[in-house]
Amino acid sequence: MVVLNEKQCNLLFHNGAKCFCLIETRYDLLALFSFLVASTDNFPMGITAQLLKKLKPRSLRNKWLSFVLRGKEVECPCCNRQFITFLPAGLQKRANAQCVNCGSLERHRIIWMYLKKETGFFTSSLKVLNPAPEKLFYTKLRTMSNIEYTSIDLYPEKYDYGSKTIKMDLTDLQFVENSFDVVLCNHVLEHIPNDAKAISEMYRVLNKDGWAIINVPVDHTRETTFEDLTIDNPQQQLELFGQPDHVRVYGKDYVNRLKHAGFTVEVIDYAERFTHNEMFKYGMLKGREIYLCTKK
Ligand SMILES: [Zn+2]
């Protein structure tokens, strides 16, 4: 007999109801089993589940999941693969979040679709700076022939990817002014104590006609950003800022920090341009705006 704990029940029968029903209607026990194992941290199905969880290399596990969860219900714009569902992901698990194949999350897919449909990112010849590159962006962007890609990070040695990432501080960029056409900075500033300096550095190295996407998680229930730079205890940071390596929670005033550096900012809720069904299909979340910054 299988006994689910409260968290697992909530994930599968409430937040993840649609994903669960899609799998159930396939009458594919293998798909359901694999989904459950991949979705929850301690799914009580004994040794087989544990073996699947530990299947190495990780690409083999992803290949297996890609096979059993194949379908037409969701589509990842980053890798163009289709599945029954995206996997749940996050500290507080979100349903329909992570691509089984390439690992993209909602925040990657929304940017990817925006870049593809609304910009010349995939066709124009561009110099791109990507601070603290996420694996998906690093692996995809550096192979694009139209892009001269530069990634930087304060601790590149901690990555299990990105061997070409340059060790550099975002608050002290070693590039001359007007070096880049595009800066793609996704979920980085919430980790940096002196975010004002980081923003002004990105402004400095961007071409006068260039543009930047500088996204952070924003708590829309907060009018003002909450930070206390005296706190450097991971447990306290988790409690106060939502993650052990975050140094603040941005509120609605985040946009002012970008403007303060000189940027003109357009806040785009790109998911709003899609229907409810399309949002499910591409695994999007409303209220996760794109902060498009230009120097003009
Ligand atoms: Zn994908």
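Residues numbered from 1 in each chain as written. Predicted model: local features only at pLDDT ≥ 70, side-chain atom pairs only at ≥ 80, totals over all residues.

Caption draft 1: Main features of the pairing of strand β4 (residues 94-98). Counting buried positions along β4 yields four of five residues, so the element is predominantly enclosed. Two elements, strand β3 (residues 87-89) and β4, share two bridges in a ladder whose sense is antiparallel. Pairing of A89 across the sheet is with R94, part of β4. Linking β3 back to β4 in an antiparallel pair, the connection comprises four residues, with G90 at a positive phi of about 105°. (Buried ≥ 20, exposed ≤ 12 C-beta atoms within 10 Å, placed from the backbone. Helix = DSSP H or I, 4+ residues; strand = E, 2+ residues; numbered from the N terminus. Pairing = 2+ DSSP bridges.)

Caption draft 2: Quick look at the environment of L258. Tracing the sequence through the fold places L258 in helix α10 (residues 254-260). Judged by local crowding, L258 falls into the buried class, with 23 C-beta atoms found within 10 Å. Each C-alpha atom, one on L258 and one on I214, is 8.5 Å from the other, the two residues being 44 residues apart in sequence.

Caption draft 3: Here's a closer look at the nonpolar core. By size, the foremost hydrophobic cluster in this structure holds 65 residues, and its most contacted members are V128, V182, V183, M202, A212, I214 and C293. Here this core spans two domains, since at least three of its residues come from each of domain 1 (6-101) and domain 2 (107-294). Sequence-distant contacts of C293, defined by excluding residues within four places in its chain, comprise W211, A212, I214, L258, F263 and V265. (Core = buried A, V, L, I, M, F, W, Y, C linked by C-beta atoms within 7 Å. Domains from an automatic or database assignment. Contact = placed C-beta atoms within 7 Å.)

Caption draft 4: Structural context of unusual backbone geometry. Positive phi values are uncommon outside glycine, yet A132 reaches one of about 45°. Along the polypeptide, A132 turns up in the loop between β5 (126-131) and α7 (135-141). Unlike most non-glycine residues, H187 shows phi in positive territory, near 60°. Mapping H187 onto the fold places it in the loop between β8 (180-186) and α8 (195-205). What makes H187 partly exposed here is the crowd of 17 C-beta atoms within 10 Å.

Caption draft 5: Spotlight on the environment of Q174. Topologically, Q174 is positioned in the loop between β7 (166-167) and β8. Q174 sits in the exposed class, given 10 other C-beta atoms within 10 Å. Spatially, the C-alpha atoms of Q174 and V205 are 9.3 Å apart, while their sequence positions differ by 31 residues.

Caption draft 6: Representation of the pairing of β8. Buried residues dominate β8, accounting for seven of its seven residues. Strand direction decides the pairing type here: β5 and β8, joined by two bridges, are parallel. In the strand pairing of β8, V128 is matched with V182. Pairing between β8 and strand β9 (residues 206-215): six bridges, direction parallel. Looking at the pairing, L184 lines up with I213 of β9. The parallel pair β8 and β9, bridged by α8, forms a crossover whose chirality is right-handed. (Right-handed = clockwise from strand over helix to strand, strands pointing away.)

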